[in-house]
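# Observations on the model geometry
Okay, here's what each chain looks like letter by letter:
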Amino acid sequence: MKTLVVYSSKSGNTKKLAEAVYAHLPGEKVIQTMEESPEGRGYDLVVAGFWLQAGKVDPLAGKYLENLRGGKLFLMATHGASVHSEHARNAMAGAVKLASSCHILGTFNCQGEVNADFLVKAQAKEPPPPWITDAPSAAGHPDDADIAKLLKEIDKVTP
Ligand SMILES: Cc1cc2nc3c(=O)[nH]c(=O)nc-3n(C[C@H](O)[C@H](O)[C@H](O)COP(=O)(O)O)c2cc1C
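Residues numbered from 1 in each chain as written. Predicted model: local features only at pLDDT ≥ 70, side-chain atom pairs only at ≥ 80, totals over all residues. Heavy atoms only, no water.

The next subject is the pairing of strand S5 (residues 72–79). Put simply, side chains in a regular strand alternate between the two faces of the sheet. In terms of residue burial, S5 counts as a mostly covered element, since seven of its eight residues are buried. Direction of pairing for strand S3 (residues 45–53) relative to S5: parallel, over a ladder of seven bridges. Across the sheet, the residue bridging to Val46 is Leu73, located in S5. Of the crossover connections in this fold, the one passing from S5 over helix H3 (residues 86–98) to the parallel strand S6 (residues 103–111) is right-handed. (Buried < 20%, exposed > 50% of the residue type's maximum accessible area, 1.4 Å probe, protein only. Helix = DSSP H or I, 4+ residues; strand = E, 2+ residues; numbered from the N terminus. Pairing = 2+ DSSP bridges. Right-handed = clockwise from strand over helix to strand, strands pointing away.)

Printed below as a string of structure tokens:
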């Protein structure tokens, strides 16, 4: 079993999830950023992490997911919005659509602390983005409990 953990991360939250998955995985494994691994071919499983920007998969990850050509895929996202919010669910549904050539084994949503400077800017926008009211509760995430939940989901899709 050869697994690729691949991620896009600007401020480190998604990277934190990716590194935890990588450390936990059994078997042959590789961890790369989406810039380093533009194709993601030749693996039994790809675990792909991205963050939300403007209600969608971040642009780098969006391109990456669109370019995948089949194979088993686990998707994980970090965002300021609450895990069960419509915003986060819609964005994950968008990611699943982008990766429609793949067999999606699972998905995982996780709050990720929002960069402080960006948060101030976003709060000043008119109208404010829909996820802004959830953003304060993203502080400190991903935390150990988030990672424990994620690894449980990963265990369900790996031997
Ligand atoms: C430019 C920018 C746009 C963002 N847009 C959204 C958004 O639309 N929805 C959301 O829930 N969070 C949004 N966020 C919050 C990030 O998705 C969140 O903090 C994420 O964990 C960042 O991941 P990273 O640390 O791996 O870069 C935004 C953050 C930035 C900097």
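Resuming the write-up.
For the rest of this paragraph, the subject is the nonpolar core. Ala48, Phe50, Leu65, Leu73 and Leu75 are the most contacted members of the largest nonpolar core, which totals 20 residues. For this core, the secondary-structure elements that each account for two or more residues are strand S1 (2–7), S3, helix H2 (59–67), S5 and H3. No other element matches the four residues that S3 contributes to this core. Non-local contacts of Leu73, meaning those with residues more than four positions away in its chain, are made with Leu45, Val46, Ala48, Leu65, Leu68, Ala99, Cys102, His103, Ile104, Leu105 and Gly106. In terms of nonpolar packing, the next biggest core, distinct from the first, is built from 18 residues, Val47, Phe74, Phe108 and Cys110 among them. (Core = buried A, V, L, I, M, F, W, Y, C linked by side-chain atoms within 4.5 Å. Contact = heavy atoms within 4.5 Å.)

On to unusual backbone geometry, then. The omega angle of the peptide bond from Glu126 to Pro127 is -5 degrees, so this bond is cis rather than trans. With an omega of 0 degrees, the peptide bond running from His141 to Pro142 counts as cis. With a phi close to 50 degrees, Ala54 is a non-glycine residue in the positive phi region. Position of Ala54 among the secondary structure elements: in the loop between S3 and strand S4 (56–57). Judged by relative accessible area, Ala54 falls into the exposed class, the value being 74%.

Here the focus is the layout of surface pockets. A probe as big as a water molecule, rolled over the atoms, marks out the empty space that is left. Its boundaries defined by the atoms lining it, the largest pocket holds a volume of some 560 Å³. The set of elements that each furnish at least two residues to the lining of the largest pocket consists of helix H1 (13–24), S3, S5 and helix H4 (116–124). Ranked by the residues each element gives to the lining of the largest pocket, the list is headed by S3, at three residues. Of the residues in the lining of the largest pocket, the class split is nine nonpolar, 13 polar and three charged. Surrounding the second largest pocket, Val83, His84, Arg89, Phe108, Asn109, Gln111, His141, Asp146 and Lys149 form its lining. Within the residue set of the lining of the second largest pocket, elements represented by two or more residues are S6 and helix H5 (144–157). (1 Å grid on protein atoms, 1.4 Å probe; cavity = no way out; pocket = protein on both sides within 12 Å on 5 of 7 lines; lining within 4 Å. Points joined across faces, edges and corners; volume = space filled by probe spheres on them. Nonpolar A, V, L, I, M, F, W, Y, C, P; charged D, E, K, R; others polar.)

A word on the site of the ligand. The environment of the ligand is made up of 21 residues, and the closest members are Ser9, Lys10, Ser11, Thr14 and Gly55. In this structure, an oxygen atom belonging to the ligand sits 2.8 Å away from a main-chain N or O atom of Leu52. Measuring from an oxygen atom of the ligand, one finds a backbone N or O atom of Glu113 at 3.1 Å. Considered on its own, the ligand offers 650 Å² of accessible surface; in the complex 94% of this is hidden by protein. When atoms are counted within 2 Å of each cavity's grid points, the one that captures over half of the ligand is the largest pocket. Among the secondary structure elements, those contributing two or more residues to the shell around the ligand are H1, S3 and S5. In terms of residue count, the dominant contributor to the shell around the ligand is S3 (three residues). Taken together, the residues of the shell around the ligand break down into seven nonpolar, 12 polar and two charged. (Near = heavy atom within 4 Å. Polar contact = N/O pair within 3.5 Å; in protein donor to acceptor, adjacent residues only side chain to side chain. Areas by Shrake-Rupley, 256 points an atom, 1.4 Å probe, with all protein chains shown as cover. Sits in = over half its atoms within 2 Å of the grid points.)

In short, the description is geometric, and any link to function would need to be established separately.
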